[in-house]
Structure formats: structure tokens, C-alpha cells
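Here is what each chain is made of, one letter per residue.
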Amino acid sequence: MTIPTPSLSQTPPRRYTGGMRVLSGIQPTNRFHWGNYFGAIRQYIDLQHEAEEAFYFIANLHALTTVRNRDELAGLTMDAAIDLLALGLEPAHATLFVQSDVPEVSELCWLLMTGAPLGLLERCHAYKDKKARGLAAAAGLFTYPVLMAADILAYDSDTVPVGEDQDQHIEVCRDLAASFNHHYGETFVMPKAKILDTSARVPGTDGEKMSKSYNNFLAVFEDPKTLRKQIMRIKTDSRPMEDPKQPDGDHLFQLFSLFAAAEQREEMAAKYRRGGFGYGEVKKALADLAVDYFEGPRQKRLELEASPEKVRAVLTAGAVKAREKASQVLQRAKTACGVS
């Protein structure tokens, strides 16, 4: 896929000053599970209708820090694009593209890297956690926040939806942008984090946070028959059927609540408190709701999977638009610091 190089005028364009401009990236390191969807993707998709402009990219350059197999990364990148489109991302409302198709971001990353304080990067969670566990950390992981800052700044993004655990990266981005602006004049838009609503906690099948690392996940596009079997194997406590149970804090009830309407949640909570029922009843109700909830996206995914050229066309068009904006910002930054 060849992305045309944008043409640049001699005078760098001014910074974007319009309405809300949203930017978010998703790593293609695994297929999406319920935690990914309810914790982030669903909210990203809602934002595409609220923002004046929305840029969503598949962060395959970031994924290189963990996925070291060429074919696997290429496949996961395509799967991520298909999944996002099937789940409701609309090219008419949001720009979807692959990170590596916008080389301007890598060049902008270097401009930021030259002024990134070593101590700032050493304090970042991902690097600190790996070092604390005595594991070897690659330079890519250490400088990950700088590339993330370049991703954000390249599109004059002013709003970045993130979970609370990612808020630190937005602060790093703001620090780097502020430093650059201080030395070279107003160049970058200062972004702000939009902390995602985490009230809908997504536990795994064992009650811990749903994660591929814990192997306790339920995949969004799992085959319905397989999904039902996985749900029926969810771990529960061993209290007798007749005993009353508390829905609050029960991971099976929390999973049920992700899909259930308010009336269904109240009815199920009343059953918990009354007792006289088995967890199998909750599991069956959860499976029915989950299969029905994702049925539309599942069918759309099958259609997209059968027409990969349509998906590639969306990514190509998205990359053209993204490069047009990123090249303007890069030219502005290069002119500001004297390398243009």
C-alpha cells in the first residue's frame, strides 16, 4: 500500500484552533476482548460523533515492542481494522489509519526525543514496572512515551481519551510539548486527557481484571458456541443454591450488567438476594445477552473479512488524510527549531 507524500507550501500552516479534535491509538497485539471493548473502544466510537474531527490509528509501531513476528503483526493489524469497523467506527466520521503509514510521526518523534529529559522517561510506569521485576527493557519501551507524544501532537489533537493508567503518558506529552514551545515558540497544541468512564468494571472469568496476560478473557468476536462454553466455565463460589447471594462485587453479575438493561439488572439482583437459584442460570442469561449484543457486529465483520480490499481502501484514505495533517505539523516544528 503506497501512501502519497503530501506537498508542502513554503509557509507552515497555523495551529488548528477549531472544535474538539480527538486522537486515539490501539495496539494490535491481540484480538479485542470484552475488557477492550467496554473499557475503551465503545467510548472511542461514541466520541467520533461528538468531535469535530477524530483520528484513530492502529499502533503497529508501538506493537513492535512486544510482537516480534512479521506475519503475526501484519495479521493482527488487519484484524484490528476489521474489528473497529465492524464495531461501529465510521470512516465518514473518523479517520482510521495504520501508524506506520504516517512516517512524519517518526520524524517528529526524533525532534521531541532530542529534548526529552532522561529522568522523565525513567519515571514512566511501563519501564519502571519491567525494571522492578528484573526484566530486560528495550529502548523502544523506554522511549515509548515520546512516540506516543508524537502521535498526539502530529494531528493538533486537543482531546485524548485514555484510561486512568495512561494519564501519565498525556502528562509526558504535555511536558515535551511545553518544553518545545518554550524553546522555539508556540508550535504544538497542548492536549488534555479525557479519562474514560471505568464505572463498568470488566472482570475476567476468574474475577481478576480481564486480560490476555491472565488468560481470563472473553473475545468480542468469539464463535457463539465456543463463547457459551467459556461462559459456562466461569469460576463462581460454592455456596448452596438456596443461600442468598450479594450481587455487589460478584464478577458474574458484573459481566451480566455489561449487557443487561436496567430492568434486567434489577431483576437479577433481586434473584441474588432472594437465593434459591444456581449460577448456571446467570451464566445462561449472560451468554444469551452477549451473543445477541455482538450479533450485528459479528455479521458485519464477516462481510468485511470477505472484502479485504474495502478495508484497505479505508486505511489508505485514512492515511492520506492523516499524512496531510501530520506533514503540516512536522513542517511547522522543523521550521520552528531550524532544521527545515
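Here, the structure is the one placed above.
Calculation notes
Residues numbered from 1 in each chain as written. Predicted model: local features only at pLDDT ≥ 70, side-chain atom pairs only at ≥ 80, totals over all residues. Heavy atoms only, no water. Helix = DSSP H or I, 4+ residues; strand = E, 2+ residues; numbered from the N terminus. Expected span 1.5 Å × (residues − 1). Buried < 20%, exposed > 50% of the residue type's maximum accessible area, 1.4 Å probe, protein only. Arc of directions from axis to C-beta. Contact = heavy atoms within 4.5 Å. Phe/Tyr/Trp six-rings, centres within 6.5 Å; stacked < 30°, edge-to-face > 60°. Pairing = 2+ DSSP bridges. Right-handed = clockwise from strand over helix to strand, strands pointing away. Disulfide = S-S within 2.5 Å. Salt bridge = Lys/Arg side-chain N within 4 Å of Asp/Glu carboxyl O. Core = buried A, V, L, I, M, F, W, Y, C linked by side-chain atoms within 4.5 Å.

Engineer: Would you mind going over helix H12 (residues 262-274) with me for this structure?
Structural biologist: Helical geometry: 3.6 residues make up each α-helical turn, so side chains three or four residues apart lie on a common side. Spanning 13 residues, H12 covers 18 Å between terminal C-alpha atoms, matching the ideal 18 Å at 1.5 Å per step. Within H12, burial applies to Met 268, Ala 269 and Tyr 272. Projected down its long axis, H12 carries its buried residues within an arc of 105°, all on one side. Seen from the buried face of H12, the exposed residues on the opposite side, beyond 90 degrees, are Glu 263, Glu 266 and Arg 274. Against helix H11 (251-259) and helix H13 (279-293) lie the buried residues of H12.

Engineer: Help me out: how do you make sense of unusual backbone geometry in this one?
Structural biologist: Excluding glycine, residues mostly have negative phi values, and the peptide bonds linking residues are mostly trans. Positive phi outside glycine occurs at Asp 156, with the angle close to 55°. Tracing the backbone through its elements, the reader meets Asp 156 in the loop between helix H8 (144-153) and strand S4 (159-162). Positioned with a positive phi, Asn 215 is a non-glycine residue whose angle comes to about 55°. Here Asn 215 lies in the loop between strand S5 (192-195) and helix H10 (224-232).

Engineer: Hey, could you run me through the packing of aromatic side chains in this one?
Structural biologist: The geometry of an aromatic ring pair is captured by the separation of the ring centres together with the interplanar angle, meaning the angle of the planes. All chains considered together, the criterion is met by 23 aromatic pairs. On the numbers, 5.4 Å between centres and 75° between planes, the contact of Tyr 37 with Phe 294 is edge-to-face. Placement of the pair is Tyr 37 in helix H1 (residues 34-47) and Phe 294 in the loop between H13 and helix H14 (295-305), with a sequence separation of 257 residues. Accessibility assignment for this pair places Tyr 37 and Phe 294 in one class, buried. With a centroid separation of 5.3 Å and 75° between ring planes, the pair formed by Phe 259 and Tyr 293 is classed as edge-to-face.

Engineer: When you look at H8 in this model, what are you seeing that I'm missing?
Structural biologist: Counting buried residues in H8 gives 10 out of 10 residues, a clear majority hidden from the surface. Taken together, the buried positions of H8 are Tyr 144, Pro 145, Val 146, Leu 147, Met 148, Ala 149, Ala 150, Asp 151, Ile 152 and Leu 153.

Engineer: Is there a simple way to explain the pairing of S4 in this structure?
Structural biologist: Two faces belong to every sheet, and in a regular strand the side chains alternate between them. Residues Thr 159 and Pro 161 of S4 are buried on one face, and the alternating residues Val 160 and Val 162, pointing to the opposite face, are buried as well. The sheet contact formed by S4 and S5 spans 4 bridges and is parallel. By the bridge assignment, Val 162 is partnered in S5 with Ile 195. In this fold, S4 hands off to helix H9 (residues 167-184), which returns the chain to S5; that crossover is right-handed.

Engineer: Can you walk me through the state of the cysteines in this structure?
Structural biologist: When the sulfur atoms of two cysteines share a covalent bond, that bond is a disulfide. Tallying each qualifying case throughout the model produces 0 disulfides. Between Cys 124, a cysteine without a disulfide, and Cys 173, which holds the nearest cysteine sulfur, the sulfur-to-sulfur distance is 12 Å. The exposure class of Cys 124 is buried, given its relative accessible area of 3%. Under the relative-accessibility criterion, Cys 173 is labelled buried at 0%.

Engineer: What should I look at first to understand the pattern of salt bridges in this one?
Structural biologist: Oppositely charged side chains may form a pair once their charged atoms are brought near each other. Following the criterion strictly, the structure yields 16 salt bridges and no others. In this structure, the salt-bridge partner of Arg 239 is Asp 237, at a minimum N-O distance of 2.8 Å. You can call Arg 239 partly exposed: its relative accessible area is 36%. Residue Arg 298 pairs with Glu 295 through a salt bridge whose shortest N-O separation is 2.9 Å. Here Arg 298 pairs with Glu 295, and both are found in helix H14, just 3 residues apart, close to one helical turn. The buried category is assigned to Arg 298, whose relative accessible area is 9%. Through salt bridges with shared partners, a single ionic network connects Arg 31, Asp 79, Asp 83, Arg 301 and Glu 305.

Engineer: How should the nonpolar core be read in this particular structure?
Structural biologist: What tends to happen in soluble globular proteins is that the nonpolar side chains get buried as a cluster. Ranked by internal contacts, the top residues of the largest apolar core, which has 58 residues, are Trp 34, Tyr 56, Phe 259 and Leu 286. Ignoring any residue separated from it by four or fewer positions in sequence, one finds Leu 286 in contact with Trp 34, Ile 231, Ile 234, Leu 252, Leu 255, Phe 256 and Phe 259. Residues Leu 121, Cys 124, Leu 176 and Leu 330 belong to the second largest nonpolar core, which totals 43 residues.

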